[in-house]
Amino acid sequence: WGLKIAKKPVKLTGRNINNEKILLGGKIEKQVNPNADFGAIVCKSPMLEAVPLKNWVLFYTAKDEKKVNSWIVCYIKTGRQLRHEIAQPLNKVKLASDKATDLSKALTQYLRDNSNCQLVVYFMAMKREDRYNTVKKVCCVSNPVPSQVICSKTLPDDIKNNKFNSVTQKIALQINAKLGGSLW
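Right, let's walk through the structure included here.

1. Topic: the nonpolar core
Membership of the largest hydrophobic core comes to 29 residues, with the highest contact counts inside it found for L53, W56, L58, W71, Y75, V121 and F123. Those elements that provide at least two residues to this core are α1 (39-43), β3 (56-61), α2 (65-81), β5 (119-124) and α5 (162-178). With near-sequence residues (within four places) excluded, W71 lies in contact with W56, L58, V121, F123, I150, L155, F164, T168 and I171.

Here you go:
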């Protein structure tokens, strides 16, 4: 074939693109770093458009009660940082068991009785596809309402752990997007 490889690479001048600016809530503009990593900016700044969350419900089992209560405190605190108005959950429903059939009945009954519910949050002890699918089926098909499933294992037991706040911030951003808000 007669090919030869050069000993030195060829130098080219490429096009440089200026760092983007992100428009956040309160008319705040922040410059994105050269790696286009804007996760830290978004998690610590006001959202462009936050949907007030006033009527929501949280389903959980007794096993997760302590972590659920800690998460609610952290979630509301995170909401203030993101300028997202978050009220205490209108109801906290402690499930007698974590069977998918019991969950389906409880969700369906609650949503039938509370048609103005903005959001359903379900804390599950461990990742179980059948529980996740139950929540999504009831909340997407039977009674359309945004839902957030949280696996308890993703949150550390210690609320003072930075990971607890970090995970809660990401959940808060997801919830606002599901409610129709704009993050940036």
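Here the narrative resumes, following the displayed structure.
2. Notes on helix α4 (residues 129-142)
Between its first and last C-alpha atoms α4 spans 18 Å; for 14 residues at 1.5 Å apiece the expected length is 20 Å, and the two agree. Listed in full, the buried residues belonging to α4 are R131, T134, V135, K136, V138 and C139.

3. Notes on the sheet that holds β5
Strands in a sheet are paired, the pairing made by backbone hydrogen bonds, and the direction either parallel or antiparallel. Taken in spatial order, the 4 strands line up as β4-β3-β5-β6 in an open sheet, and their pairing is parallel. At either end of the open sheet lies a strand with only one pairing partner, and these are β4 (91-95) and β6 (147-151). Adjacent strand axes in the sheet meet at a mean angle of 15°, parallel and antiparallel pairs treated alike. In this structure, β3 lies alongside β5, joined through 4 bridges in parallel fashion. Directly across from L58, in β5, lies its bridge partner V121. In this fold α5 packs onto β5 and β6, with an angle of close to 160° to the strand it touches most, β6.

4. Topic: helix α3 (residues 100-113)
Quick reminder: α-helices carry 3.6 residues per turn. Residues three or four places apart thus point the same way. The end-to-end C-alpha distance of α3 is 20 Å, a good match for the 20 Å that 14 residues give at a rise of 1.5 Å each. Every buried residue belonging to α3 is among A100, L103, L107, T108, Y110 and L111, and all of these are buried. Down the axis of α3, the smallest arc covering the buried residues is 165°, so these residues share one side. Opposite the buried face of α3, at more than 90 degrees from it, the exposed residues are T101, K105, R112 and D113.

5. A short note on the pairing of β5
Across the 6 residues that make up β5, a large majority, 6, are buried. On β5, burial covers both faces: L119, V121 and F123 on one face and V120, Y122 and M124 on the other are all buried. Here β5 pairs with β6 via 5 bridges, running parallel. Its bridge partner lying in β6, V121 is registered against Q148. A crossover connection joins β5 to the parallel β6 through α4; in handedness this β-α-β unit is right-handed.

6. Considerations on the packing of α3 against α4
Packing of α3 against α4 brings their axes to within 9 Å, and their N-to-C directions diverge by 20°. Accordingly, the angle class assigned to the pair α3 and α4 is roughly parallel. With respect to the hand of their crossing, α3 and α4 are arranged in right-handed fashion. Across from A100, L103, S104, L107, T108 and L111 in α3, the residues of α4 making contact are D130, R131, T134, V135, V138 and C139. Partitioning the contact of α3 with α4 into residue classes produces 7 nonpolar, 3 polar and 2 charged.

Thresholds applied
Residues numbered from 1 in each chain as written. Predicted model: local features only at pLDDT ≥ 70, side-chain atom pairs only at ≥ 80, totals over all residues. Heavy atoms only, no water. Core = buried A, V, L, I, M, F, W, Y, C linked by side-chain atoms within 4.5 Å. Buried < 20%, exposed > 50% of the residue type's maximum accessible area, 1.4 Å probe, protein only. Helix = DSSP H or I, 4+ residues; strand = E, 2+ residues; numbered from the N terminus. Contact = heavy atoms within 4.5 Å. Expected span 1.5 Å × (residues − 1). Pairing = 2+ DSSP bridges. Axes fitted to C-alpha atoms, helices over the stretch in contact; angles between N-to-C directions. Arc of directions from axis to C-beta. Right-handed = clockwise from strand over helix to strand, strands pointing away. Parallel < 35°, antiparallel > 145°, perpendicular 65-115°, else oblique. Left-handed = near helix turned anticlockwise from the far one by under 90°. Nonpolar A, V, L, I, M, F, W, Y, C, P; charged D, E, K, R; others polar.

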